[in-house]
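Letter by letter, the chains look like this.
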Amino acid sequence: MDIQTKPLKRKILNVDELRSAASANGRPVVFTNGVFDLLHAGHVTYLEQAKTMGRSLFVGVNSDDSVKRLGKGDNRPFNKLMDRMIVLAALECVDYVVPFEHDTPIELIKIVKPDILVKGGDWEIENIVGSTEVASWGGRTVSIPFEYNVSTTEIARRIVGK
């Protein structure tokens, strides 16, 4: 899919562009990651809160294959990777979006070297991938409490009536 709007093109990065953007942006840098399949109020408020913690917000997005390996269901993701990245890039609070193929975003975290690593409130800090690495360079990891108790899986169940 070719992205026609320049602002969205500038926000969706490959790994090489990520290296440049991570070093060019002022600090503090915030990093988070996820599937972001059906974007909902929980995602948006979480991303808004993450952005307030730093100067720029980098969002790693699971590739379609990595979503399948997460075991979220045979029909997941509902939206293809590029579609999910375009929706995220359209959010004002998101500065950069980058895909990752592996099961975890650890390689992206090592490239970005965020000052603050964030995940949603369902994650205990000690279980957040990259928290040890972020601490090693003086950063911190934050688990943002849920403001809305909603999930993509629950939305999908409601849609199909189960």
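Since this is a predicted model, take the numbers as computed values, not measurements. (Residues numbered from 1 in each chain as written. Predicted model: local features only at pLDDT ≥ 70, side-chain atom pairs only at ≥ 80, totals over all residues. Heavy atoms only, no water.)

S.K.: Tell me about the sheet that holds strand 2 (residues 56-62), and name the residues and values.
M.R.: With respect to topology, five strands assemble into an open sheet ordered 3-2-1-4-5, the strand pairing being parallel. Whereas interior strands pair on both sides, the edge strands pair on one side only; in this sheet they are strand 3 (96-100) and strand 5 (140-144). The average undirected angle you get between the axes of adjacent strands in this sheet is 25 degrees. Inspection of the sheet shows strand 4 (residues 116-120) paired to strand 5 by five bridges, in the parallel sense. Bridge pairing in strand 5 links Ile 116 to Arg 140. Each of strand 1 (29-34), strand 2, strand 4 and strand 5 is contacted by helix 3 (residues 41-51), which is oriented at about 140 degrees to strand 2, the strand it contacts most. (Pairing = 2+ DSSP bridges. Helix = DSSP H or I, 4+ residues; strand = E, 2+ residues; numbered from the N terminus. Axes fitted to C-alpha atoms, helices over the stretch in contact; angles between N-to-C directions. Contact = heavy atoms within 4.5 Å.)

S.K.: Tell me what's going on with the nonpolar core, and back it up with residues and numbers.
M.R.: Core analysis: the biggest nonpolar cluster contains 23 residues, and Leu 47, Val 59, Leu 88, Val 94, Val 97 and Val 118 have the highest contact counts within it. The element contributing the most residues to this core is helix 5 (residues 81-89), with five residues. Among residues more than four places away in sequence, those in contact with Val 94 are Lys 11, Leu 47, Leu 57, Val 59 and Leu 88. Core analysis: the second largest hydrophobic core is formed by 16 residues, Ala 22, Val 29, Phe 31 and Val 112 among them. (Core = buried A, V, L, I, M, F, W, Y, C linked by side-chain atoms within 4.5 Å. Buried < 20%, exposed > 50% of the residue type's maximum accessible area, 1.4 Å probe, protein only.)

S.K.: Would you mind going over helix 2 (residues 15-24) in detail, with residue names and values included?
M.R.: Turning to helix 2, its buried residues number three or more, namely Leu 18, Ala 21 and Ala 22. Each buried residue of helix 2 sits inside an arc of 100 degrees when the element is viewed along its axis, so together they form one side. For helix 2, the exposed residues set more than 90 degrees away from the buried face come down to Asp 16, Ser 23 and Ala 24. In the core, the buried residues of helix 2 are packed alongside strand 2, strand 3 and helix 6 (106-112). For helix 2, the N-terminal cap is Asn 14; the gap from its side-chain oxygen to the backbone nitrogen of Asp 16 is 3.0 Å. (Arc of directions from axis to C-beta. Polar contact = N/O pair within 3.5 Å; in protein donor to acceptor, adjacent residues only side chain to side chain.)

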